[in-house]
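Architecture at a glance
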Amino acid sequence: MTHRYQCKFTIKIIAVLSAFFLLTGCGANRAVSRGKTGNKVEDTVQGQIQKEKDSSNAADDTVKAQDPEPGSKSQTTESSGSGDTGNQSQANADREKLDCDLTTMGADMVYANVFQMMTEPERFVGKRIRIAGILNVVSVDGNNYYCCIIKDAQGCCQNGIEFVWGDGSHRYPDEYPGENTQICVTGVFETYQENGGQNKYCRLKNAELSW
Amino acid sequence: MIGMLMYYLNFPFVQRALIAGILIAMCSALLGVILVLRGFSYIGDGLSHAAFGAMAVAAILKLSDYSLLVMPVTILCALVLLRFGSSERIHGDATLAIVSVSTLAAGYLLMNVFSVSANVSGDVCTTLFGSTSILTLTRAQVQMCLVMSLLTVTIFVLFYHKIFAVTFDEDFAAASGIRVGAYQTMIAVLIAVIIVMAMDLVGSLLITALLVFPALSAMQVFRSFRGSVIYAAVLSVLGAAFGIVFSILASTPVGATIVLFDMGVFFLHLVVGKIRG
């Protein structure tokens, strides 16, 4: 009797667990589709980056200044004068070299990497970094500061890096995309201080911006 | 997937997260068995909320190292709850409830009113749920974690028999000449220390799971105290390592991933225990 009761109880437990795993399996599909949605964003960003690479490779072959393609909004920042092929080649080589590509990582890793950049900036100075996120513009004392904001997996914690698009001559808001637009920024990490202040800031200089 | 994992493992902060996570998980399991056997399974929640409140005060005071305030306050609360928690008017579980909710509310209120951060919600969220906090540990924090973990394991090994006696039968332990009060104080302090460290791994709200699930899982298949403790530590370490790795690959919150894995392991052991009888 006791043995039969134990068997029945065990069968009930297994049935409940099976139902639980089946339900979580259904939920996992939604989670996967959410993940697929996230990957779609990454795919879009990667596609635009590849477009930019292809267009810059075409410019290398013909040694011409880049002309923006129809529908493409990416800009290069190398301001070498036309005809200066040596500097152009060096700039193109620099553009290809990437020390840290955050666009290939998951949300947790991106957040943690940006956190490391803020807390140990000396390890990243001079490194070429690519990050994808949303554009955020902050105005302080009449100066605009442009940031690429990323969120962690839960979406409640945000972190980001300031960037300077090219030589900083691009006009806001005419040439910039709208705020909260998904962007991809590639630039060289540096720290700087303002007006002789003590605070040290981090940013990506000579950045390439695409969206 | 393996390639991506190997790439991620090259990052120093991932290595630090794994080291700290494994150490914290191991120590949590050791003390979790004691708490479960003594009927204090929910003490982790109360102490973690007290630590959260202390952390809020430390943030407002702009302390460079929060643990300077958080650790002593949590230890004090642990002593109050575990050593002097019961009185004729207020029973032990009511004292726990009072400390738990009042410190959590006070901490959240202080963080909002005297905000020192541009993202209060994010700071609160990551402290309560430990979504990425284990990935943002500094080298100094990992070293402290290592020291505390070594201390915990050493004390547990050296005083194993006395801890065993105090856990199962205080009267017998006292009659045997063991200073029950001193060992209870020592256990309370160790629990407070582990809980403060575990907040970085799973967050304040999920600490109880880290303490309880491995212990309960082990008790389903082992009948001896020693076996339960060792097996609980193994399960907890595996859960923490798997949770951290899975979360960075799948971009899920670290704390919740670890807890869900521990929960799954617990249900599995529950079934095994029922089948074995």
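These numbers were taken from a predicted model, which means no experiment stands behind them. Residue positions within a chain follow its written sequence, with the count starting from 1. Chain labels run from A onward and ligand labels from 1 onward, assigned in the order the entries are written. Totals for whole chains, interfaces and linings use all residues, but because this is a predicted model, local features are given only for residues with pLDDT of at least 70 and pairs of side-chain atoms are given and counted only at 80 or more. Calculated side-chain values reflect all of the structure's heavy atoms, with hydrogen atoms and water omitted.

1. Points about the pairing of strand E5 (residues 182-192) of chain A
All names here are of chain A.
- The buried count for E5 comes to 9 of 11 residues, which makes it a mostly enclosed element.
- In short, DSSP must find at least two bridges between two strands for them to pair. The secondary structure listing takes helices from DSSP runs of H or I that are at least 4 residues long and strands from runs of E that are at least 2 residues long, numbered from the N terminus. In terms of strand pairing, E5 meets strand E6 (residues 201-210) through 8 bridges, oriented antiparallel. Note that in E6 the partner of Phe189 across the bridge is Leu204. Throughout this description, buried means an accessible area under 20% of the type-specific maximum (1.4 Å probe, protein chains only), exposed means over 50%, and partly exposed covers the range between.

2. Observations regarding empty space enclosed by the protein
Residues and elements named next belong to chain B.
- The way it works is a 1 Å grid over only the protein atoms, where trapped points that fit a 1.4 Å probe form a cavity and open points with protein on both sides within 12 Å along at least five of seven lines form a pocket, and then any residue with an atom within 4 Å of a point lines it. Grid points are joined across faces, edges and corners, and a volume is the space filled by probe spheres set on the points. Evaluation of the coordinates by the stated rule reveals 2 cavities of 30 Å³ or more.
- Estimated volume of the second largest cavity: approximately 50 Å³.
- The wall of the second largest cavity is formed by Ile34, Leu35, Arg38, Phe40, Leu82, Gln184, Ile187, Ala188 and Ile191.
- Ranked by the residues each element gives to the lining of the second largest cavity, the list is headed by helix H10 (residues 180-202), at 4 residues.
- Residue classes in the lining of the second largest cavity are distributed as 7 nonpolar, 1 polar and 1 charged. Amino acid classes used here: Ala, Val, Leu, Ile, Met, Phe, Trp, Tyr, Cys and Pro are nonpolar; Asp, Glu, Lys and Arg are charged; the rest, including Gly, are polar.

3. Observations concerning the nonpolar core
- With 110 residues, the main nonpolar core has Leu102(A), Ile131(A), Phe163(A), Val185(A) and Ile134(B) as its most contacted residues.
- Here this core takes 17 residues from H10(B), the largest share from any one element.
- Setting aside residues up to four positions removed in sequence, Val185(A) forms contacts with Ile129(A), Arg130(A), Ile131(A), Cys148(A), Phe163(A), Leu204(A), Ala207(A), Glu208(A) and Leu209(A).
- Counting 5 residues, the second-largest nonpolar core is a separate cluster that includes Phe52(B), Ala56(B), Val124(B) and Leu128(B). Nonpolar cores were defined as sets of buried Ala, Val, Leu, Ile, Met, Phe, Trp, Tyr and Cys residues, with membership established by side-chain atoms within 4.5 Å. Residue contacts follow a heavy-atom distance rule, with two residues in contact if any of their heavy atoms lie within 4.5 Å.

4. Regarding the environment of Tyr108(B)
Residues and elements named next belong to chain B.
- Inspection of the secondary structure assignment puts Tyr108 in helix H5 (residues 92-113).
- Each C-alpha atom of the pair Tyr108 and Val124 lies 7.6 Å from the other, and the pair is 16 residues apart in sequence.
- Apart from residues no more than four positions distant in its own chain, Tyr108 is found in contact with Phe52 and Val124.

5. So, the packing of helix H12 (residues 225-250) of chain B against helix H13 (residues 254-276) of chain B
Residue and element names in this part refer to chain B.
- It is at 8 Å that the axes of H12 and H13 come closest, and there the two elements cross at 135°. By the angle between their directions, the pair H12 and H13 is classed as oblique. The crossing of H12 and H13 is right-handed. Every residue of H13 that contacts H12 at Tyr231, Leu235, Leu238, Gly239, Ala240, Phe242, Gly243, Ile244, Phe246 and Ser247 is listed here: Val254, Thr257, Ile258, Phe261, Asp262, Val265 and His269.
- In terms of residue class, the contact of H12 with H13 is built from 11 nonpolar, 5 polar and 1 charged. Whenever a helix is involved, its axis is fitted only over the stretch in contact; in every case the axis is a line through C-alpha atoms, and angles between N-to-C directions fall within 0 to 180 degrees. The scheme is simple: roughly parallel for angles under 35 degrees, roughly antiparallel for over 145, roughly perpendicular for 65 to 115, oblique for anything else. We call a crossing left-handed when the near helix sits turned anticlockwise from the far one by less than a right angle, and right-handed when that turn is clockwise.

6. Observations regarding the confidence of the model for chain B
Residue and element names in this part refer to chain B.
- The predictor rates its confidence in each residue with pLDDT, a number between 0 and 100. In this model, chain B carries a mean pLDDT of 85, and residues with pLDDT of at least 70 account for 93%.
- Confidence, read as mean pLDDT per element, is least for helix H6 (residues 120-129) in chain B (70) and greatest for H12 (93).
- This complex was scored by the predictor with a pTM of 0.73 and an ipTM of 0.79.

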